[in-house]
Amino acid sequence: DTGVSQDPRHKITKRGQNVTFRCDPISEHNRLYWYRQTLGQGPEFLTYFQNEAQLEKSRLLSDRFSAERPKGSFSTLEIQRTEQGDSAMYLCASSVETGRKDTQYFGPGTRLTVL
Amino acid sequence: DAKTTQPPSMDCAEGRAANLPCNHSTISGNEYVYWYRQIHSQGPQYIIHGLKNNETNEMASLIITEDRKSSTLILPHATLRDTAVYYCIVLSNDYKLSFGAGTTVTVRA
């Protein structure tokens, strides 16, 4: 049983560059979530997909951020024109819809450093 | 969203039980209580969840009070590898996990 995987695990970029992260959810999980975690804080919700539909986006997700989940499988999170404030751990989680409960399983995260 | 309150930190001796309290006095009748933990620089790890009844799995036990306003996560035999930040979360109707500050648990040999 493979868990949620994320790629790359670490990314160092210069301010102003674009970056793209990938998340592969657990097989047959129809929900996929993105969270962001800065140093010393708990993860914060960014957006989530049910199958290929993006159902909600946080106010944290500025117009420089875009997420996709083509065909309801893997997802990508792109950040355009990165800023130093984007430095954080980007976490992906997946779950299978089961009524009112929603057990989300997290990947190892992608740590972004913007110089 | 129902908020949770946890102590900021606690120590535990290796081999002893660790009891982690959480208050969630504004929880609604159909909202689940979830516990996750996060070991340094790793993604959060799901531990256990519950609605009304007490729950147990291979990692921990969850005791929920009858009025559902508080709960306790029990790690029966803490090991050094259980040192982590533990988050108690009430899952909102929109399925977003709202992580607070959590409890930093340090297991000492």
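Residues numbered from 1 in each chain as written. Chains lettered and ligands numbered in written order. Predicted model: local features only at pLDDT ≥ 70, side-chain atom pairs only at ≥ 80, totals over all residues. Heavy atoms only, no water.

S.K.: Would you mind showing me how to read the overall build of chain B here?
M.R.: In terms of helices and strands, chain B carries zero helices and nine strands. Helices (α) and strands (β) of chain B occur, in sequence order from the N terminus, as β-β-β-β-β-β-β-β-β. For 109 residues, the compact-globule estimate of 2.2 N^0.38 gives 13 Å, and the C-alpha radius of gyration of chain B, at 13 Å, lies within 12% of that figure. In terms of overall dimensions, chain B has C-alpha extents of about 40 × 30 × 25 Å along its principal axes. Counting over 109 residues, chain B shows a buried share of 47%. Taking the intrachain contacts of chain B between residues at least 6 apart in sequence as the baseline, contacts between residues at least 24 apart amount to 53%. Here chain B has roughly 5,500 Å² of accessible surface; of this, 48% comes from carbon and sulfur atoms. Computing the positive centroid from 9 side-chain charges and the negative centroid from 10, chain B places the two 3 Å apart. (Helix = DSSP H or I, 4+ residues; strand = E, 2+ residues; numbered from the N terminus. Rg over C-alpha atoms; globule rule 2.2 N^0.38 Å. Buried < 20%, exposed > 50% of the residue type's maximum accessible area, 1.4 Å probe, protein only. Contact = heavy atoms within 4.5 Å. Areas by Shrake-Rupley, 256 points an atom, 1.4 Å probe, with all protein chains shown as cover. Lys, Arg positive; Asp, Glu negative; His and termini not counted. Charge placed at Lys NZ, Arg CZ, Asp CG, Glu CD.)

S.K.: How should I be thinking about the sheet that holds strand E5 (residues 55–56) of chain B in this particular structure?
M.R.: Strand pairing in a sheet relies on backbone hydrogen bonds. The paired strands run either parallel or antiparallel. Residue and element names in this part refer to chain B. If you trace the four strands from one edge of the open sheet to the other, you get E2-E7-E6-E5, paired in antiparallel fashion. The open sheet is flanked by strand E2 (18–23) and E5, the only strands paired with a single partner. Bridge analysis of E5 against strand E6 (residues 61–64) gives two bridges, and the strand direction is antiparallel. Each bridged residue has a counterpart across the sheet, and for Thr-56 the counterpart in E6 is Ser-61. (Pairing = 2+ DSSP bridges.)

S.K.: It is not clear to me how the interface of chain A and chain B should be interpreted in this structure. Could you clarify?
M.R.: Interfaces are often sized by the amount of accessible area the parts lose when they come together. Every contact between the two is made by 23 residues of chain A and, on the other side, 22 residues of chain B. In total, chain A and chain B occlude about 1,800 Å² of area from one another, counting both sides; carbon and sulfur atoms represent 52% of this. There are one salt bridge connecting chain A and chain B. At the junction of chain A with chain B, the criterion picks out seven residue pairs in polar contact (both at pLDDT 80 or more). Among the secondary structure elements, those contributing two or more residues to the side of chain A that touches chain B are strand E4 (31–37), strand E5 (44–50), strand E9 (88–95) and strand E10 (105–106) of chain A. Looking at the side of chain A that touches chain B, its residues break down into ten nonpolar, seven polar and six charged. (Buried area = accessible area lost by both parts, 1.4 Å probe. Salt bridge = Lys/Arg side-chain N within 4 Å of Asp/Glu carboxyl O. Polar contact = N/O pair within 3.5 Å; in protein donor to acceptor, adjacent residues only side chain to side chain. Nonpolar A, V, L, I, M, F, W, Y, C, P; charged D, E, K, R; others polar.)

S.K.: Can you walk me through the sheet that holds strand E4 (residues 45–50) of chain B in this structure?
M.R.: All names here are of chain B. Across the sheet, five strands lie side by side as E1-E9-E8-E3-E4; this open sheet has mixed pairing. The two strands at the open ends of the sheet, each matched to only one other strand, are strand E1 (9–13) and E4. Here the average twist between neighbouring strands, direction ignored, is 25°. Looking at chain direction, E1 and strand E9 (residues 103–108) are connected through five bridges and run parallel. Bridge pairing in E9 places Ala-13 opposite Arg-108. (Axes fitted to C-alpha atoms, helices over the stretch in contact; angles between N-to-C directions.)

S.K.: I tried to follow the pairing of strand E11 (residues 110–114) of chain A on my own but got confused; where do I start?
M.R.: Taken residue by residue, a regular strand's side chains alternate between the two faces of the sheet. Residues and elements named next belong to chain A. Residues Thr-110, Leu-112 and Val-114 line the buried face of E11, whereas the alternating positions Arg-111 and Thr-113 sit on a face that is not buried. One ladder, built from three bridges, connects E9 with E11; its direction is antiparallel. Within E11, the position partnered with Tyr-90 by the bridge is Thr-110.

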